[in-house]
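So the chains spell out like this:
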Amino acid sequence: VQLVESGGGLVQPGGSLRLSCAASGFTFSRVTMSWYRQAPGKERELVASINSAGGTTNYADSVKGRFTISRDNAKNTVYLQMNSLKPEDTAVYYCTTLVDRRRWGQGTQVTVSS
């Protein structure tokens, strides 16, 4: 099982970023995928999740209306479109799924700062 995140970076407040997570080593189309984030000194928290078919999504209250999770089962990839970014969105963002056990990617840094 491998999860590889990309797309992080430095962005100004109000800006946008699109994160990607490329998955391999398991049947991607059968599992729920999620994005978590961890800010310095804080616990890792759920940002968004999407079911296997992509028809059901859930979001943390702090990102509702600003972030959109989606997936392309043909490409084994899950995305997180982040708009109207705020400094408090600064964190390492992780892609995760449950295959025998919780699996995590290496994370991608998102920094929102002017």
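On a predicted model such as this, the values are computed, not experimentally measured, just so you know. Residue positions are given per chain, counting from 1 as you read along its sequence in written order. Residue-level local features of this predicted model are given only where pLDDT is at least 70; pairs of side-chain atoms are given and counted only at 80 or more, and the full residue set underlies all totals for whole chains, interfaces and linings. Side-chain descriptors were evaluated using all non-hydrogen atoms of the structure, hydrogens and water having been removed beforehand.

K.L.:
So, the state of the cysteines: which residues are in play, and what are the values?
P.N.:
The disulfide definition used here is simple: a pair of cysteine sulfur atoms within 2.5 Å. Tallied over the entire structure, the rule returns one disulfide. There is a disulfide in this structure between Cys21 and Cys95, and the S-S distance comes to 2.1 Å. In this structure, the disulfide formed by Cys21 and Cys95 twists by about -75 degrees around the S-S bond and is classed as left-handed. Taken together, the residues Cys21 in strand β3 (residues 17-24) and Cys95 in strand β9 (residues 91-99) connect sequence positions 74 residues apart. Cys95 carries the same exposure label as Cys21, and that label is buried. Helix and strand assignments follow DSSP, with helices taken as H or I runs no shorter than four residues and strands as E runs no shorter than two, numbered in order from the N terminus. When accessible area is computed with a 1.4 Å probe and restricted to protein chains, residues below 20% of their type maximum are described as buried, those above 50% as exposed, and intermediate ones as partly exposed.

K.L.:
Quick one: what's the story with the pairing of strand β10 (residues 101-104), residue by residue and with numbers?
P.N.:
Criterion used throughout: strands pair if DSSP finds at least two bridges between them. Relative to β10, β9 runs antiparallel, the two being bridged by four bridges. From the neighbouring strand, Val99 faces β10, where its bridge partner is Arg101. With antiparallel pairing between neighbouring strands as the criterion, β9 and β10 make up a hairpin whose turn holds one residue, including Asp100 at a positive phi of roughly 70 degrees.

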